[in-house]
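Read off the chains here:
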Amino acid sequence: MRAVIVRSFGGPEVLEIAEVPTPAPGPGQVRIRVAAAAVNPADLVTRSGILVEAGLMPTRDLVGIGWDVAGVVDEIGPGTTGFAVGDEVIGLSDRLDVPLGTHADFVVLDATSIAPAPQGISPIEASTLPLNALTATQSLETLALEPGRTLLVTGAAGAVGGFAVELAAAQGIRVVATAAESDEPLVRKLGAEFFVPRGARLGEAVRALVPGGVDAAIDAAVLGAEALDAVRSQGAFVALVGGGEPRPLRGIRVTNTWIRADGPQLARLATLAESGALTLRVAETYPLDHAAEAHRRFDEGGLRGRVVLVP
């Protein structure tokens, strides 16, 4: 089968389409025939070698790329229950010590890492859900805000930020969104009550809308201390990049969302997507063989949706 791999770290030019043995599922696992796989910042970080430098990934001669997947169960491992061959599923490959990722013709995942695909939604759209929506919902889970509380979401027009706005607003949380000025209509449609354009003095602008500062922040744009300044004393702050969290000034509880695959949680998110409560956004699609081109486009930025690879 084909798989996107790197043998040395760097830019999009290091990506290879390699012929590798088709993996077999072990106990508690399923093999998925990949229909679509989104490209995420995590893939760029994997490709660049940052995960190895940070000690999060072991050094290997060959590193597979890809976290998100939508596809069809192709084979069931011994003792695996809950899924059958032919099931349409979505899933997340969150283990950093496995040799291959989801940017391939087939991928093997633990059955606990997948969920039934949302009905009535194409695999291309569905593949944009797992990593980003799980990151958003697990961040909100960490904050545990009650309805009526206020939340700042930076990078609110991005994939994680957009899901965070929608999920928070659905819980009755009052959202302050920051993004490019041209993104205001989008983030308000997603459920933001307040908007601050990117480039404004964030702390001052947010406090003008919410006196004393917001109760919490999800820093999807990785603004760090700038976003922390918008949070009230003894509030809460969630960072999304390991090592990128600011100091816990003014008694603010600072935590980091280390994404985890969670099949039941992903199933609930798929149900929300089916109902239209979550907006799935695809920017562009590329054939699997054009993975390097897809990464170059992702590197350019300015997208309002995910780039998706299609085998």
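### With respect to the sheet that holds strand β11 (residues 194-197)
Across the sheet, which stays open at both edges, the six strands sit in the order β11-β10-β9-β12-β13-β14 with parallel pairing between neighbours. The open sheet has two edge strands, β11 and β14 (253-256), and neither has a second partner. Mean inter-strand twist for the sheet, computed between neighbouring axes without regard to direction, equals 15°. Across four bridges, the pairing between strand β13 (residues 231-239) and β14 is parallel. Looking at the pairing, A239 lines up with N256 of β14. Each of β9 (150-154), β10 (174-179) and β12 (214-219) touches helix α5 (residues 159-170); the most contacted strand, β9, lies at about 165° to it.

### Some points on the packing of aromatic side chains
Tallied over the entire structure, the rule returns zero aromatic pairs. The aromatic ring of F106 is capped on one face by R31, whose charged end is 5.3 Å from the ring centroid.

### Considering the sheet that holds strand β2 (residues 15-19)
As summarised here, the arrangement of the three strands in space is β2-β1-β4, forming an open sheet in which the pairing is antiparallel. Where the open sheet ends on each side, the last strands, each with one partner, are β2 and β4 (63-64). Two elements, strand β1 (residues 2-6) and β4, share two bridges in a ladder whose sense is antiparallel. By the bridge assignment, V6 is partnered in β4 with V63.

### Focus: the nonpolar core
With 67 residues, the main nonpolar core has I90, L129, L143 and L151 as its most contacted residues. Apart from residues lying up to four places away in sequence, L129 is in contact with I90, L134, F163, L266, L269, A270, A273, L278 and L280. Counting residues in each nonpolar core, the second largest holds 16 residues, with F194, V196, V206 and F237 among its members.

### Side note on the pairing of strand β6 (residues 88-92)
In terms of burial, β6 is largely enclosed, as four of its five residues are buried. Looking at chain direction, strand β5 (residues 68-76) and β6 are connected through five bridges and run antiparallel. Considered in β6, the bridge of G71 is made with V89.

### Here's the deal with α5
Counted at 1.5 Å a residue, the expected span for α5 with its 12 residues is 16 Å, and the 17 Å between its end C-alpha atoms agrees. Burial analysis of α5 places 10 of its 12 residues in the buried class, which makes it a mostly covered element. Of the residues making up α5, those classed as buried are A159, V160, G161, G162, F163, A164, V165, E166, L167 and A168. Looking one or two places after α5, you find G172, whose phi comes out positive at around 85°.

### Quick word on unusual backbone geometry
Even without a glycine there, the phi angle at A144 is positive, about 50°. Looking at the element boundaries, A144 is found in the loop between α4 (130-143) and β9. With relative accessibility at 56%, the residue A144 sits in the exposed group.

### Some points on the pattern of salt bridges
Under the criterion given, the structure shown has 17 salt bridges. Here R31 ties to E75 by a salt bridge, and the two come within 3.0 Å at their closest N and O atoms. You can see R31 sitting in strand β3 (residues 29-39) and its partner E75 sitting in strand β5, a full 44 residues away along the chain. Judged by relative accessible area, E75 falls into the partly exposed class, the value being 31%. Of the charged contacts, one joins E284 and R297 as a salt bridge, the two residues approaching to 3.0 Å between their closest N and O atoms. Here R297 lies in helix α10 (residues 291-300) and E284 lies in strand β15 (residues 282-287), a separation of 13 residues in the sequence. According to the relative accessible area criterion, E284 is partly exposed, its value standing at 26%. Residue R297 is classed as buried on the basis of its relative accessible area of 19%. Where salt bridges share partners, they join R2, D105 and D289 into one cluster.

### A few points about the environment of V4
Inspection of the secondary structure assignment puts V4 in strand β1. The class of V4 is buried, set by a relative accessible area of 1%. Once residues lying within four places of it in the same chain are set aside, the contact partners of V4 are L15, E16, I17, V63, G64, I65, H103, L288 and A291.

Here is what the cut-offs are and how they apply
Residues numbered from 1 in each chain as written. Predicted model: local features only at pLDDT ≥ 70, side-chain atom pairs only at ≥ 80, totals over all residues. Heavy atoms only, no water. Pairing = 2+ DSSP bridges. Helix = DSSP H or I, 4+ residues; strand = E, 2+ residues; numbered from the N terminus. Axes fitted to C-alpha atoms, helices over the stretch in contact; angles between N-to-C directions. Contact = heavy atoms within 4.5 Å. Phe/Tyr/Trp six-rings, centres within 6.5 Å; stacked < 30°, edge-to-face > 60°. Lys NZ or Arg CZ within 6 Å of the ring centre and 35° of its normal. Core = buried A, V, L, I, M, F, W, Y, C linked by side-chain atoms within 4.5 Å. Buried < 20%, exposed > 50% of the residue type's maximum accessible area, 1.4 Å probe, protein only. Expected span 1.5 Å × (residues − 1). Salt bridge = Lys/Arg side-chain N within 4 Å of Asp/Glu carboxyl O.

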